[in-house]
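Listed below, chain by chain, are the residues.
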Amino acid sequence: LVFQFSISLAAVIFALAFYFNSKYQKEYDLGYSYNSVIQVPLESPGQFEPLKNVLASNGLFNSVAGTQQHIYASSYKASARSEKTEAKEIDVFNIGDDYFRTVDVQIITGSGFEKKSVSDERESIIVNEQFLKTFNLKEGIGQRIMLNDTTPVFIKAVVKDVYLRALFAPLSPVAFRYIPEGTYKMLVASTKPETLVAANEEIKKEWKKLFPNQLYTGQFMEQRMVMVMEHFDGVVILYTFLGLVAIVMSVSGLYSLISLNLQKRTKELGIRKIMGAPLFHMVIQSSKLFIIIMIISCGVGSLLGSVMVNALMDNIWEYYVAINLKILSMASFILFVIAIATIGVKVVKVSVRKPVE
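Scope of this entry: the structure provided in the associated data block.

What counts as what
Residue numbering note: each chain is counted from 1, following its sequence as written. Owing to the predicted nature of the model, reporting of local features is limited to residues with pLDDT of at least 70; listing and counting of side-chain atom pairs is limited to 80 or more, with chain, interface and lining totals taken over all residues. Hydrogens and water are ignored here; the side-chain numbers use all heavy atoms of the structure. Put simply, DSSP marks the helices as runs of H or I at least four residues long and the strands as runs of E at least two long, and each gets a number from the N terminus on. Restricting the calculation to C-alpha atoms gives the radius of gyration, and the globule rule supplies 2.2 Å times the number of residues raised to the power 0.38. In this scheme, a residue with accessible area under 20% of its type's maximum is buried, one over 50% is exposed, and one in between is partly exposed, where area comes from a 1.4 Å probe on protein chains only. Any two residues whose heavy atoms approach within 4.5 Å at even a single point are treated as in contact. The Shrake-Rupley method, run with a 1.4 Å probe, gives the accessible areas here. Residue values count only the displayed protein chains as cover. Two joining distances apply to patches: 9 Å for like charges and 5 Å for nonpolar side chains (Val, Leu, Ile, Met, Phe, Trp, Tyr), and every residue must have over 30% relative accessible area and no salt bridge. A side-chain nitrogen of Lys or Arg and a carboxyl oxygen of Asp or Glu constitute a salt bridge if their distance falls within 4 Å. Pairing of aromatic side chains requires ring centres within 6.5 Å, counting the rings of Phe and Tyr and the six-membered ring of Trp. Pairs whose planes differ by under 30 degrees are stacked, by over 60 edge-to-face, and all others tilted. Placement of a positive charge over a ring is assigned whenever Lys NZ or Arg CZ falls within 6 Å of the ring centre and within 35 degrees of the normal to the ring plane. Each nonpolar core is a collection of buried residues, namely Ala, Val, Leu, Ile, Met, Phe, Trp, Tyr and Cys, held together in the definition by side-chain atoms within 4.5 Å. At least two bridges found by DSSP between two strands are what make those strands a pair. Within 3.5 Å is the distance limit for a polar contact, defined as a pair of N or O atoms, with the added protein rule that one can donate a hydrogen and the other accept it, and that residues adjacent in sequence qualify only through two side-chain atoms. Helix axes are fitted to C-alpha atoms over the stretch in contact, other axes to C-alpha atoms as well, and angles between N-to-C directions run from 0 to 180 degrees. Here the word oblique covers every angle except those under 35 degrees (roughly parallel), over 145 (roughly antiparallel) and from 65 to 115 (roughly perpendicular). Helix crossings are classified by the rotation of the near helix relative to the far one: an anticlockwise turn of less than a right angle makes the crossing left-handed, while a clockwise turn makes it right-handed. Ten residues, namely Ala, Val, Leu, Ile, Met, Phe, Trp, Tyr, Cys and Pro, are considered nonpolar, four, namely Asp, Glu, Lys and Arg, are considered charged, and the remaining ones, Gly among them, are considered polar.

1. Notes on the overall build of the protein
The secondary structure content of the protein amounts to 10 helices and 12 strands. The C-alpha atoms of the protein give 31 Å as radius of gyration, which overshoots the globular expectation for 357 residues (21 Å, by more than 25%). Its C-alpha atoms give the protein principal-axis dimensions of roughly 100 × 55 × 25 Å. The burial tally for the protein puts 47% of its 357 residues in the buried class. The long-range share in the protein, meaning contacts at least 24 apart out of those at least 6 apart in sequence, stands at 81%. Approximately 18,200 Å² of the protein is accessible, and the part contributed by carbon and sulfur atoms is 59%.

Here it is in structure tokens:
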């Protein structure tokens, strides 16, 4: 019975842990607004200007920008080093005008790239907070960085950390470089989350007017993220189902053992009642063995569930909600209430019987 209830508790802990981690993932600030952006790959850079002009005059869109790489879609690797550190690998994005505003990347210090600025294109980069930590830079603005050992650039601004692979991989140092309009490979447009579908249909309609012979391949920036979240929501449902099955089996076993135990002690309980034992005393005497079993099960199940869940979470996520007292308390409470209700129904029924019976 201890083994059965320990497994049941572990299954409940799994379900609660995945539920809270799924919620944690959805609410975590990744450094950009993935739920309000549409990305449209371009067949040629010349498609950007006419499409942008049409969308800019449409009230559905807050901002439109062009880029070569895009957060959570593509980037490229480069080596970088400062005067204080050796070369290290970083993620680089070549972006155009208004990209930060469109994707809602927040600049903490410094200023963004200036439109059509040749000096920004050649000499400037904008980095995230993790970049400063990686290269041990206390004050980033104006610091000289060598890219690929051949290109000297200077930090113009620092943005809030962006998690390129959500919370599945460690936060990486990121650098943004400015590129001119003629090199864009993608258009990104922002809108309100509630008008995302309507905005996408509007872009699709305008695309067909401007480029009737080319297939529209735009998609929501959140599409991959939503697929991942739906997967973990499915895992929550799976573990909830397994937990319920395990609890039902455990409770049925508990009910059977209680029935057998009370059947053996029928005369003893009758004599106790004749001798004046109160109902509370009868209930405690009849159920204390099973309460002890439940307490042991909670301890064993909590330990088993904590070790297994934390090991699994550590393989899936880099940043997650580890098993804590709240999750263990909730799981133990659920199991304890069900078990006590099962014990109580049978014990009270026997304890209130007349001694002559």
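Picking up after the structure, the text goes on.
2. A few points about a nonpolar patch on the surface
Taken together, Leu238, Phe241, Leu242, Val245 and Met249 make up a surface patch of nonpolar side chains, about 470 Å² in accessible area. Mapped onto the secondary structure, Leu238 falls in helix H7 (residues 223-264).

3. Section: the packing of aromatic side chains
Under the defined criterion, the tally for this structure stands at 12 aromatic pairs. Clustering of aromatic rings is evident, with ring pairs tying together Tyr24, Tyr28, Tyr163 and Tyr319. Sitting above the plane of the Phe135 ring, Lys88 keeps its charged end 6.0 Å from the centroid.

4. Regarding the nonpolar core
The biggest cluster of nonpolar side chains holds 37 residues, and the ones touching the most others in it are Ile13, Phe18, Leu254, Val309 and Ile323. At the level of secondary structure, the elements contributing two or more residues to this core comprise helix H1 (2-27), H7, helix H9 (279-316) and helix H10 (325-351). Broken down by element, the residue count for this core peaks at 10 residues, all from H1. Counting residues in hydrophobic clusters, the runner-up holds 29 residues, among them Phe93, Ile126, Leu171 and Phe176.

5. Things to note about the pairing of strand E8 (residues 151-159)
As defined by bridge partners, strand E5 (residues 107-110) adjoins E8 across 3 bridges and the pair is classed as antiparallel. The partner of Gly110 across the bridge, within E8, is Ala157. In textbook terms, the turn of a hairpin is the stretch between consecutive antiparallel strands, and for strand E7 (residues 144-147) and E8 this stretch comprises 3 residues, one of which, Asn148, has a positive phi near 55°.

6. What about unusual backbone geometry?
Located in the positive-phi region is Asp98, a residue other than glycine, with phi close to 65°. Turning to its location among the elements, Asp98 is positioned in the loop between strand E4 (88-95) and helix H3 (99-103). When its relative accessible area of 25% is taken as the criterion, Asp98 is described as partly exposed.

7. Describing the pairing of strand E11 (residues 186-190)
Counting buried positions along E11 gives 5 out of 5 residues, so the element sits mostly inside the fold. Judged from the 5 bridges that link them, strand E1 (residues 37-41) and E11 form a sheet pairing that is antiparallel. When the sheet's bridge partners are listed, Ile38 is paired in E11 with Ala189. Pairing analysis gives 5 bridges linking strand E2 (residues 63-67) to E11, with the strands arranged antiparallel. Across the sheet, the residue bridging to Gly66 is Leu187, located in E11.

8. Quick word on the pattern of salt bridges
Per the counting criterion, the structure on display carries 9 salt bridges. Glu268 is the partner of Arg272 in a salt bridge, and the nearest nitrogen-oxygen pair spans 2.9 Å. With a gap of 4 residues between them, Arg272 and Glu268 both fall in helix H8 (residues 266-274), about one helical turn apart. In this structure Arg272 comes out as partly exposed when scored by relative accessible area, which is 27%.

9. What to know about the side chain of Ser8
By secondary structure assignment, the location of Ser8 is in helix H1. Classification of Ser8 as buried rests on a relative accessible area of 0%. A polar contact is formed between the side chain of Ser8 and the side chain of Ser250, at a distance of 2.7 Å. When residues no more than four places from it in sequence are discounted, the contact partners of Ser8 are Ala246, Ile247, Ser250 and Leu335.

10. Some thoughts on the environment of Ala80
With respect to the secondary-structure elements, Ala80 resides in strand E3 (residues 76-81). Setting aside chain neighbours within four positions, we find Ala80 in contact with Glu86, Ala87, Lys88, Ile90, Phe135, Ile145, Met146 and Leu147.

11. Some remarks on the packing of H8 against H9
One can describe the packing of H8 onto H9 by two numbers: an axis separation of 11 Å at closest approach and a directional angle of 155°. With respect to H9, the element H8 is oriented roughly antiparallel. Crossing of H8 against H9: the hand is right-handed. Residue-level inspection shows Leu269, Arg272 and Lys273 of H8 in contact with H9, the latter providing His281, Met282, Gln285 and Ser286. Among the residues making up the contact of H8 with H9, the classes are represented as 2 nonpolar, 3 polar and 2 charged.

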